[in-house]
Amino acid sequence: QVQLVESGGGLVQSGGSLRLSCAASGSVSSIRHFDWYRQAPEKQRELVGGIYSDGTTNYADSVKGRFTISRDNAKNTVYLQMNSLKPEDTAVYFCNAEVYNSDFVYWGQGTQVTVSS
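Overview of the structure.

What counts, and where the lines are drawn
- Residues numbered from 1 in each chain as written.
- Predicted model: local features only at pLDDT ≥ 70, side-chain atom pairs only at ≥ 80, totals over all residues.
- Heavy atoms only, no water.
- Helix = DSSP H or I, 4+ residues; strand = E, 2+ residues; numbered from the N terminus.
- Rg over C-alpha atoms; globule rule 2.2 N^0.38 Å.
- Buried < 20%, exposed > 50% of the residue type's maximum accessible area, 1.4 Å probe, protein only.
- Contact = heavy atoms within 4.5 Å.
- Areas by Shrake-Rupley, 256 points an atom, 1.4 Å probe, with all protein chains shown as cover.
- Pairing = 2+ DSSP bridges.
- Polar contact = N/O pair within 3.5 Å; in protein donor to acceptor, adjacent residues only side chain to side chain.
- Salt bridge = Lys/Arg side-chain N within 4 Å of Asp/Glu carboxyl O.
- Disulfide = S-S within 2.5 Å.
- Core = buried A, V, L, I, M, F, W, Y, C linked by side-chain atoms within 4.5 Å.

A few points about the overall build of the protein
- Assigned secondary structure in the protein consists of zero helices and eleven strands.
- Overall, the protein shows an N-to-C arrangement of helices and strands of β-β-β-β-β-β-β-β-β-β-β.
- The C-alpha radius of gyration of the protein comes to 14 Å, within 12% of the 13 Å expected for a compact globule of 117 residues.
- Oriented by its inertia axes, the alpha-carbon framework of the protein measures out at about 45 × 25 × 25 Å.
- Within the span of the protein, comprising 117 residues, buried residues form 40% of the whole.
- When contacts within the protein are restricted to residue pairs at least 6 apart in sequence, those whose partners lie at least 24 apart make up 53%.
- Counting every atom, the protein has about 6,200 Å² of accessible surface; 46% of that belongs to carbon and sulfur.

In structure tokens, the structure reads:
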């Protein structure tokens with residue numbers, strides 16, 4: 001079992017920055033991959049990007065160059081640094097974790113990010 005708790009969301013002006021955190025607990029050694037997703041009102045959840053255990057990252061085109069995903073293995077925490085925020089980045093942001101030898105995906109509860117114009 002893995003538990004994920006996101007934090008760091010809030011209200012920010014366009015052009016501003018936020019850093020989201022996703023703290024993992026439980027069977028953290030079983031985690032092979034973290035992803036960040038977001039879901040805006042009345043829209044489908046979309047992938048923001050992810051980070052593998054070797055540190056390899058990938059990003060959606062819409063956030064490439066503005067968002068950075070990192071991880072602190074000592075703290076079992078993954079971060080989403082968001083710079084140059086735009087109103088269209090407004091959404092609830094979720095992290096999830098994929099584990100080895102399982103198709104099950106763990107999700108956090110989400111954190112709201114609101115970017116004002």
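Describing the pairing of strand S9 (residues 91-99)
- Burial within S9 is extensive, with eight of its nine residues counted as buried.
- Note: strand S4 (residues 31-39) against S9, eight bridges, orientation antiparallel. Considered in S9, the bridge of glutamine 39 is made with valine 92.
- Sheet topology note: the S9/strand S10 (residues 105-107) ladder contains three bridges and is antiparallel. Directly across from alanine 97, in S10, lies its bridge partner tyrosine 106.
- Hairpin connection, S9 to S10: the antiparallel pair is bridged by five residues, and asparagine 101 has positive phi, about 60°.

Observations concerning the side chain of aspartate 35
- Here aspartate 35 lies in strand S4.
- At a separation of 3.2 Å, a polar atom in the side chain of aspartate 35 contacts the side chain of histidine 33.
- Excluding residues within four positions of it along the chain, aspartate 35 makes contact with Leu47, Gly49, Gly50, Phe94, Cys95, Asn96 and Glu98.

Describing the pattern of salt bridges
- For the coordinates displayed, the defined rule picks out five salt bridges.
- With its nearest N and O atoms 2.9 Å apart, the salt bridge here joins aspartate 89 to arginine 38. Remark: arginine 38 occurs in strand S4 and aspartate 89 occurs in the loop between strand S8 (77-82) and S9; sequence separation between them is 51 residues.
- What makes aspartate 89 buried here is its relative accessible area of 0%.

Observations regarding the state of the cysteines
- As enumerated under the stated definition, the model contains one disulfide in all.
- Disulfide partner of cysteine 22: cysteine 95, at an S-S distance of 2.0 Å. Taking the sign of the S-S torsion, 60° for the link of cysteine 22 and cysteine 95, the bridge is right-handed. With cysteine 22 in strand S3 (residues 18-26) and cysteine 95 in strand S9, the pair connects residues that are 73 residues apart, well separated along the chain.

With respect to the nonpolar core
- Core analysis: the biggest nonpolar cluster contains 29 residues, and Leu4, Phe34, Trp36, Phe67, Leu80, Met82 and Tyr93 have the highest contact counts within it.
- Contributing elements (two or more residues each) for this core: strand S1 (2-7), S3, S4, strand S5 (46-52), strand S7 (67-72), S8, S9 and strand S11 (111-116).
- No other element matches the five residues that S9 contributes to this core.

Quick look at the environment of valine 48
- With respect to the helices and strands, the residue valine 48 is situated in strand S5.
- Placed 27 residues apart in sequence, valine 48 and serine 21 show a C-alpha to C-alpha distance of 14 Å.
- For valine 48, the contacting residues outside a window of four places in its chain are Trp36, Tyr37, Arg38, Asn58, Tyr59, Ala60, Val63, Phe67, Leu80 and Tyr93.

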